[in-house]
Amino acid sequence: MVRWVRPAVVAVALAGMIALSGVALGRIFAGPLLAELVAGAAIGSVGIGVAARRLPPSAVAPLSVAVLSAYGILALWISAQRADASGTLAHIARDSLVNGIPRLLTAMIPVEPTPDTVIVPVIAAWLAGLAGTEIAVRAGRVLFGIAPAAVLYVAALYVVGPNAGAAGRPTLTFAGLAVAALAVSARPADAGALREVSAKTRAAVRGRALAGAAAGLVVVFGLVVAVGPWIGAQVAAEPVDPRQYVQPPQVDSLDESPLNRISGWALSPDQQLLSVGAVTPPLKAKKVRLRLAVMPDYDGVTWKVGATYRNAGRVLPEEPRLAGADITDVRESITVQGLTGRLLPVVPTPNAVQGARVAFDQATGTLIRPEGLTAALHYTVTSVVQTPDLNGLPGASTPSGPSVARYLVVGPNVPDEIQKLADQMEDGNGAPYDRASAIEDFLSSHYRKVADAPSGHAYPNLQFFLFGPRGQGGQRGTSEQFAASFALLARLDGLPSRVAVGFDAPSAGGEVTAADAIAWPEVLFDDLGWVAFDPMPKSNDPRPVEEDFTPKPPPPSDPSTPPADAPSESASVAPSALAAAHGGGPSGVVVGSAASGAVLVLLAGAGGVVVLMRRSLRRRRLSSGSMDARIEGAWLEFTDALRLAGRPVPPHLAATEAAAFAASPLPPRRGVLRRAAPAAAPFAPAGPFAPAGTVAPAGTVAPAGAVAPTAAVVPAGAVATLERPADASLPPLDELVAGINTVGFAPGAADGGQAERAGEQVVAYAYALREQLPWWRRVWWSVNPGPLRWHRRR
């Protein structure tokens, strides 16, 4: 009887410790299903090991793995039924086994117990039970046998990280079970054997035991003193989140900035994108707005989602409820037809999705389907619609601080005209809502909506949209330019803003076409949340911008005040008088001329040395080393050129974005008024995205197949403030971008031709960029020693 007590207690303790791992991990799961499945795996694995303890060890492992396979299929089936997962069980099993670990570490918390998030913990629990039972029960090595359960428990705590509270009770229970297993397996000393030895021997044995115990206490005390403070600090420290080491689902450029798709949809208004069912409960409005994406990040070139997507289950985290807002739960069924990409349109703000596996960015509320959208994909969205009392808008304030800093950032080098327009919108409008309304009214009353406007919302595009001549394509655009201009002006006026893209769908159900695509801006107000604004034109006859916006000229100088550097009459002394005053010897003029000449000679010599060193640096970068090193050298030449021109590349830009940033024109040089030559007929970019008679500004980001012109044409007789020619353009950098991407993503794959083309492009670009600078900047470009120290390692 006693012979079975010890193995039974050890087995129960092992099963309990493994089940506690499921409890610890289940704290970040929605519902108790994971803990129940892990507990089943613990009982099954330990039970098989105890029942088969009399079989040969070589037979236990295959038997346990066979039962594990059956239990794993059962766990997959149960979780698939709970999660309403689609597909065959074989497909679900294969997908879960392949993607289980990354999906578990990228899932949104609380994690829904789906097949791909439960199968890995179940398998790990079963294997820990199998190993622990064989070591602790069969071999009798209990201390080593509880090690697999301990490793599993520590791994569960690590996966949870800082995403749940302290696991105090499970940990104490785990320790208690371990102590019980060790205590019941301890063997008492054989007192009879000691009686048969002499008293001297017994005293020696007891002495050694006491000495060993004392030495053990000293070691334990030393460990407490040495590592006790560190362990105490770790208890109070925040655990590491392993999710930071795993790459979440990614999207391509169209999904990162769907604002660029507005112009393409506007040119194909009849394209069917979605089919929607009737909204339940029925809404009074004829249209319901589906949100495709929210873009809070702007760098002067592109509005981006900037999301960190986490795999989510059917239930999504809810947004905080607004005080005093009317809350309505709406349900919408959507079927994908011609819409492509990964972004999933939903009624904002979603809190449950059925019919599609999704990933969610909680910061923006944007949803994606990692596998991409496919025709006939059908899903149902349940959303919480919060309708605050907008009567409080006139007196509402906007939040501030680090939490909203993201919604106030703009790219560097904001054009002066745009900044002055923002200042004009702010002038006399102290309240945040008054400033937002002023921007909304200005855009809606001065600009025209057209379907054939070129795509783009970088600074040059928005500058041409806001101030370009009407007869040459300016002051008209799609909702892309209206929304982007509003959000930019709002940020310049201190209003936290963002841009959203979506569709106006029929609330009674029906087809959603490309003509229903729209972009709109939103502003964040205290206690009201994000409030959408509508800057789209209200009439077909907008007023010219020139009637209401004229940049203020600089204050005129007072003609009665002499220039600061003009010498007064009392200070004017003839050179001959100076010479006479010194009474002979070399005159001050001669001495001064000699000193000035020496300084000039030294400066010229230093400049010559810098020029030679700069040429040697370029030759070394572009001609020596491996192909990868030569392409990297070309990239350094490119960044140095922009830095010499006063436009350093922002460090967060990727290679393609940096090339787009570099393609935009330099700010015009002010202060020289020139009368433009008679202008030719307006020209238009090639391709279907801009018909004849339109002009796009330099830097236009056009869809594939479209060629953006380099500048707007100034009408004859107009007085411009541009000294630089209107048709100045910069050479392409496509070979350089392709080369640097090859170096980054496929090291060693670049060839000599690619490195040579990258070097030729960057030399041509640097030369063209230098020619756009004033003469003194061109001189300083050649003798600036900056490139010699900016990149020390090359």
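Residues numbered from 1 in each chain as written. Predicted model: local features only at pLDDT ≥ 70, side-chain atom pairs only at ≥ 80, totals over all residues. Heavy atoms only, no water.

**Observations concerning the packing of aromatic side chains**
So, step 1. Taken as a whole, this structure holds 14 aromatic pairs when the rule is applied.
So, step 2. Relative to Trp-303, the ring of Tyr-298 lies with its centre 4.6 Å away and its plane at 15°, an arrangement referred to as stacked. For the pair shown, Tyr-298 and Trp-303 are each scored as buried.
So, step 3. Centroid distance Tyr-433 to Phe-533: 6.2 Å. Interplanar angle 40°. Geometry classified as tilted. Of this pair, Tyr-433 sits in helix H14 (residues 432–446) while Phe-533 is found in the loop between strand E16 (529–532) and helix H17 (545–548), placing the two residues 100 residues apart along the sequence.
So, step 4. On the basis of relative accessibility, which here comes to 24%, the residue Tyr-433 falls in the partly exposed class.
So, step 5. Residue Phe-533 is classed as buried on the basis of its relative accessible area, which comes to 7%.
So, step 6. Among the aromatic side chains, those forming a connected cluster through ring pairs are Tyr-433, Phe-486, Phe-525 and Phe-533.
So, step 7. The ring of Trp-520 carries the charged tip of Arg-289 above its face, separated from the ring centre by 4.4 Å. (Phe/Tyr/Trp six-rings, centres within 6.5 Å; stacked < 30°, edge-to-face > 60°. Buried < 20%, exposed > 50% of the residue type's maximum accessible area, 1.4 Å probe, protein only. Helix = DSSP H or I, 4+ residues; strand = E, 2+ residues; numbered from the N terminus. Lys NZ or Arg CZ within 6 Å of the ring centre and 35° of its normal.)

**Quick word on helix H23 (residues 752–771)**
So, step 1. For H23, which comprises 20 residues, the first-to-last C-alpha distance of 29 Å matches the rise-based estimate of 28 Å (1.5 Å per residue) to within 8%.
So, step 2. Buried residues of H23: Gln-754, Ala-755, Ala-758, Gly-759, Gln-761, Val-762, Tyr-765, Ala-766, Ala-768 and Leu-769, and no others. (Expected span 1.5 Å × (residues − 1).)

**Some words on unusual backbone geometry**
So, step 1. A cis amide bond links Ile-109 with the next residue in sequence, Pro-110, at an omega value of 5°.
So, step 2. Topologically, Pro-110 is positioned in the loop between helix H4 (89–106) and helix H5 (115–138).
So, step 3. Residue Pro-348 is joined to Thr-349 through a cis peptide bond whose omega torsion reads 0°.
So, step 4. Among the secondary structure elements, Thr-349 is positioned in the loop between strand E6 (326–336) and strand E7 (350–354).
So, step 5. Backbone geometry places Ala-376, a non-glycine residue, at a positive phi of 75°.
So, step 6. For Ala-376, a relative accessible area of 61% puts it in the exposed group.
So, step 7. Positive phi is not limited to glycine here, since Gln-475 has a value of about 60°.
So, step 8. Here Gln-475 is to be found in the loop between helix H15 (459–467) and strand E12 (476–477).

**Remarks on the nonpolar core**
So, step 1. Within the largest apolar cluster, 81 residues are counted, with the highest numbers of intra-cluster contacts made by Leu-259, Trp-265, Leu-274, Leu-339, Tyr-379 and Phe-503.
So, step 2. Of the residues forming this core, the biggest block, 9 residues, is contributed by helix H16 (residues 479–492).
So, step 3. Once residues within four sequence positions are removed from consideration, Leu-259 is found in contact with Met-295, Trp-303, His-457, Glu-480, Ala-484, Val-499, Val-501 and Ala-519.
So, step 4. Counting residues in hydrophobic clusters, the runner-up holds 45 residues, among them Leu-14, Leu-33, Leu-104 and Ala-128. (Core = buried A, V, L, I, M, F, W, Y, C linked by side-chain atoms within 4.5 Å. Contact = heavy atoms within 4.5 Å.)

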